[in-house]
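Working through the structure, step by step
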Amino acid sequence: MTEAPSMTQNWPLPDPAPLFARLEALGIAHKTLHHAPTATVAEGKDIKAALPGGHSKNLFMKDKDGALVLISALADADLRLNQLHKAIGTKRLSFTGPELLHASLGVWPGSVCAFALMNDTQGQVRFVLDKGFFDHETVYFHPLRNDMTTGIASADLIRFAQDTGHPPVLFDPALL
């Protein structure tokens with residue numbers, strides 16, 4: 001399996017205002033916490049402890065045919081990436097480079113999130129979502145940048161994804 005791209009680079013942080021405007025236009029209540037940048041689930045452990053709900057880890061991958069996939073799973077989910085492709089009907093998955101991530105979703109490594117689907121206006125990215133998010137009233141993602149965490153209702157995540165043209169493929173990591 002290919003290793004995840006390095007997240008030590010200082011990538012530019014996009015303005016989350018268009019995301020917040022879109023959430024408001026959809027009538028989706030949201031709350032954002034500002035914090036030090038976090039590029040990994042482990043780095044955000046203290047933030048997660050202070051915010052009850054479903055926290056995310058997000059992977060941007062491509063399969064052997066070049067199909068792009070955004071996987072959003074609960075932060076503590078055990079993702080067996082060597083099995084996931086079978087569950088979601090793709091070829092074997094590997095990580096992409098930062099340039100393809102930015103060109104497709106408008107974010108850089110360390111800021112991958114479901115909210116970035118709004119930047120895929122060509123509908124090239126398939127959205128795969130952990131069913132476990134719906135066990136939580138509130139779910140959390142970076143709002144396009146990793147120095148903030150934004151919470152919305154789990155049901156609103158589906159509305160947001162559908163509004164961006166990315167109805168999610170639901171999966172259960174425990175079944176992998």
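Described below are features of the structure shown in this document. (Residues numbered from 1 in each chain as written. Predicted model: local features only at pLDDT ≥ 70, side-chain atom pairs only at ≥ 80, totals over all residues. Heavy atoms only, no water.)

What about the pattern of salt bridges?
- If you walk through the whole model with that rule in mind, you get four salt bridges.
- Ionic pairing is found between Asp 156 and Arg 159, a salt bridge with its closest N-O pair at 3.3 Å. A residue pair is termed a helical-turn pair when its members lie 3 or 4 positions apart in one helix, as Asp 156 and Arg 159 do in helix 5 (residues 154-163) at three residues. (Salt bridge = Lys/Arg side-chain N within 4 Å of Asp/Glu carboxyl O. Helix = DSSP H or I, 4+ residues; strand = E, 2+ residues; numbered from the N terminus.)

Regarding helix 3 (residues 81-88)
- Taken together, the buried positions of helix 3 are occupied by Leu 81, Leu 84, His 85 and Ile 88. For helix 3, the angular spread of buried residues about the axis comes to 100°, placing them on one side.
- On its buried face, helix 3 sits against strand 2 (54-63), strand 3 (68-74), strand 4 (93-95), strand 5 (125-130) and strand 8 (169-171).
- One or two steps after helix 3, the chain reaches Gly 89, where phi turns positive at roughly 75°. (Buried < 20%, exposed > 50% of the residue type's maximum accessible area, 1.4 Å probe, protein only. Arc of directions from axis to C-beta. Contact = heavy atoms within 4.5 Å.)

With respect to the environment of Phe 133
- With respect to the helices and strands, the residue Phe 133 is situated in the loop between strand 5 and strand 6 (138-141).
- Each C-alpha atom of the pair Phe 133 and Lys 48 lies 14 Å from the other, and the pair is 85 residues apart in sequence.
- Phe 133 has contacts with Gly 54, His 55, Ser 56, Ser 72, Ala 73, Leu 74, Val 139, Phe 141 and Ser 154, leaving out every residue within four places of it along the chain.

Focus on the packing of aromatic side chains
- The final tally for this structure, using the stated rule, is four aromatic pairs.
- Judged by centre distance (5.5 Å) and plane angle (90°), the ring pair of Phe 115 and Phe 160 falls under edge-to-face. Here Phe 160 lies in helix 5 and Phe 115 lies in the loop between helix 4 (98-105) and strand 5, a separation of 45 residues in the sequence.
- Take Phe 115: its relative accessible area is 0%, and that puts it in the buried class.
- A residue is classified by how much of its surface remains accessible, and Phe 160, at 0% relative accessible area, is buried.
- Joined through ring pairs, the aromatic side chains of Phe 115, Phe 133, Phe 141 and Phe 160 make up one cluster. (Phe/Tyr/Trp six-rings, centres within 6.5 Å; stacked < 30°, edge-to-face > 60°.)

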